[in-house]
Amino acid sequence: MCAALNPAQQKAVNTLKGPLLVLAGAGSGKTRVVTFRIAKLIRAGTAPDRILAVTFTNKAASEMQQRVRQLLGKKLPTRPVVATFHAHCLQILRRHIRRLGYPVKFAIYDRGDQESIARSVLREIRVPNEKMRPAELLGQISRWKSQCLRASDAGAAAETDKQHLAAMGFGRYQQALKNAGAVDFDDLLLCTEELFVRFPDVLDEEASRFDHLLVDEYQDTNASQYRIVKALAQPHRNLCVVGDDDQSIYGWRGAEVEHILRFAKDWPNAVVIRLEHNYRSTEAILEHANRLIAFNTVRHDKVLRAARPGGESPRILQCKDEITEARQVVDDIRRQLRRPGIDGGDIAILFRTNEQPRAFETEMRRVKIPYVLIGGSSFFDRKEVRDILAYLRLLILPRDETALLRIINLPPRGIGSKTVQALMSHAVANGTTVWETMTGATLPSGMTPRAVEALRQFARQMRKFQRKTASSAGRSLTELVKQLIAEIGYEAELARLYDDPNERQSRWDAVQEVVNALGAYEAKNSKPSLSGFMDEMALAGRDMEEDKESQLRTHAVTLMTLHCAKGLEFPQVYMVGMEEGILPHRRSVEADERAIEEERRLCYVGITRAQDRLTFSLARTRRKWGKPRETMASRFLYELTGQAERAPHRRPRRTRQPNASASPGRNRTNPRR
DNA sequence: CCTGGCATCATTTTT
DNA sequence: TGATGCCAGG
């Protein structure tokens, strides 16, 4: 890693002016080039805070920041701005969102909040013959949003019945968000884009903050990100994008490979530099990766050359079922760990879907190999955490309806669904919010005195804490929140709900973790505020656990999805579940060739994570919904080993084994319905 | 108003 | 398999 830069890398670092596209193959030292470039810009006289570097994940952002700091030493008065798209857009919205008719203070709704809105929207637009789940509605809305389609245009874009239904839901969903004073993740980008289009002065102000713009993982930009980048870079044209079209794996989130493919057309005179030397993997591994990705048709033509000749050929483990698969893989890992110089931290198990790791976890626990599962259901998905956060949101923004409805009767305080219904319909009828209604002088008629008293009591309590929050400058937020938790009797509620002391404890621990996170936030920030904390929770979310993670990770085997693995590397990699229906995923198989190409890229990403040793595994039968079903080996296995013509998946779908005896493959059984 | 039990239903990837 | 939703009884 300390070797000198090669000529292409050198050139990428030194081309400081004008549009630049760096096509960086996997393992080609991309991160290094980017950080060197930033350092070079600063040394050449650019003020650090005039540089904006945009990444997709928080992890990438903090890593980049750290590396630049290492390169430059700590003597700088200002820092380059390194942020994720979402974080930077949030900054912009905090300054200007009023122009779009949102309150200055607005909440960021996460998946759970979105779902509860979607649920109520669906209840309203009940259509007899179409049933739709909240997740489906949200998926469609999100897809539209990532194409910069607004609710008003969705009706025209809808094709299927479901899409028409979703188009109806879209408008209501958006309205509900606005009423609650909230934006969802997609809105962070979409509203920014809208601001830029509708208010040129806003764009002016935001674009003129920087002289240089860098975008990492450019192949993953969706329509709104693409437009935002274009708009921000237009004045100075000092735009450097870095990416690899072969690693575009977020098409389902609206990313379009075309963006990186047409960069040179978008920006005339753009310099294009290819980094085609791979310093990460052995030749044996890279050969397989190259062979696989060559099957894709939509891509920049390039061949990665291995800087590390030779190496061990990848192996394929065929196993009876998913339990055996876990056992064999973990067995293999155990053998590896006995070898000198091999540490658990050098090993990763990569999988396609989130249900796959289960079997591996069980097995690892059984043989006592430490592991970390990255992603998965996070701490922030826990009910207790979400409850407390809902309270906190209510303190900042009383009109946040999702938060209010979540905790209005939690712990139970005698405000039942009847009462809530009455409040809601009253609010709708009067064009106001539930909070306004319940704190108003006259409550809706027909409520029992008991309910009225409960409401009054709750409102008093919340108002007290709202006041305290508003005037909390200089005082400890942590203390405030502790007091809140005590007053609502949350601990007693946990005791009431859960008899098992272990469970009770772990749930209470989760509550404590929120308090701790707040404490950490307060310690870290010079002027902490509750809303600042909530922003961090919404955007950084999962990363807050990272400190714990990195402590463990030194010796623990890493388990994660292929998507999470992008950008990382491990000496030893296990790619498990190499079966038709998993990788490529069933949904992609049922879609089109484009979708298959994305799955192939996903597989490519997995392979190119491996430095020294790569193992594939598959199960011949796999339990699904409790029933075991036979599987077929992934077509990618055939492709990457150079036996594509023997791959059995090409038989037309839904026919019964037309050529069952054509070749003696081992995993060729037709899946039965 | 609250709780527990039963039936039903659908399963990708994430900022 | 597991999560969620609805209904009946306390």
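The structure under discussion appears in the preceding block.
Each chain carries its own residue numbering, running from 1 in the written order of its sequence. Here chains are named by letter from A upward and ligands by number from 1 upward, in the order in which they appear as written. For this predicted model, a pLDDT threshold of at least 70 governs which residues receive local features, and a threshold of 80 or more governs which side-chain atom pairs are given and counted, while totals over whole chains, interfaces and linings are taken from all residues. Here the side-chain values reflect all heavy atoms present in the structure, with hydrogen atoms and water set aside.

Regarding the protein's contact with DNA strand B
- Neighbouring residues of DNA strand B: 23 residues in total, closest R133, R352, N354, R496 and W625.
- The rule for a residue being near a molecule or strand is that one of its heavy atoms must lie within 4 Å of it. In DNA strand B, atoms within 4 Å of the protein come 57% from sugar and phosphate.
- N or O atoms closer than or at 3.5 Å make up a polar contact, with two conditions inside protein: a donor-capable atom paired with an acceptor-capable one, and, for residues adjacent in sequence, both atoms drawn from side chains. Taking W252, its side chain carries an N or O atom lying 3.2 Å from a base oxygen of DNA strand B.
- Secondary structure elements are taken from DSSP: a helix is a run of H or I of four residues or more, a strand is a run of E of two residues or more, and numbering for both begins at the N terminus. For the surface near DNA strand B, the secondary structure elements donating two or more residues are α19 (417-429) and α27 (562-565).
- When the residues that make up the surface near DNA strand B are grouped by side-chain class, the tally is five nonpolar, 10 polar and eight charged. In this count, Pro and Cys sit with the nonpolar residues alongside Ala, Val, Leu, Ile, Met, Phe, Trp and Tyr, while Asp, Glu, Lys and Arg are called charged and the others, Gly among them, polar.

Section: the pattern of salt bridges
- Criterion for a salt bridge: a side-chain nitrogen of Lys or Arg within 4 Å of a carboxyl oxygen of Asp or Glu. Applying the stated criterion across every chain yields a total of 57 salt bridges.
- Residue R393 is joined to D400 by a salt bridge in which the shortest nitrogen-to-oxygen separation is 2.9 Å.
- The exposure class of R393 is buried, given its relative accessible area of 12%.
- Here's how the labels work: a residue is buried when its accessible area is under 20% of the maximum for its type, exposed when over 50%, partly exposed in between, all with a 1.4 Å probe on protein chains only. The exposure class of D400 is buried, given its relative accessible area of 0%.
- The residue E580 makes a salt bridge to R635 at a minimum N-O spacing of 2.8 Å. Linking E580 in the loop between β15 (570-575) and α28 (586-590) with R635 in helix α30 (residues 635-640), this pair joins segments that are 55 residues apart in sequence.

Here we look at the environment of D187
- As for its placement among the helices and strands, D187 is situated in helix α9 (residues 185-198).
- Between the alpha carbons of D187 and A495 there is a distance of 39 Å; along the sequence they are 308 residues apart.

As for the nonpolar core
- Here, the term nonpolar core denotes a set of buried Ala, Val, Leu, Ile, Met, Phe, Trp, Tyr and Cys residues that are joined through side-chain atoms within 4.5 Å. The biggest cluster of nonpolar side chains holds 76 residues, and the ones touching the most others in it are L392, I408, M438, F458, M462 and F533.
- Of all the elements, helix α17 (residues 383-396) adds the most residues to this core, at nine residues.
- When checking whether two residues touch, look at their non-hydrogen atoms; a contact exists if any pair is within 4.5 Å. If sequence neighbours within four positions are ignored, L392 has contacts with V481, L484, L530, F533 and M534.
- The next biggest cluster of nonpolar side chains, apart from the first, holds 42 residues, and it includes I97, I260, W267 and A270.

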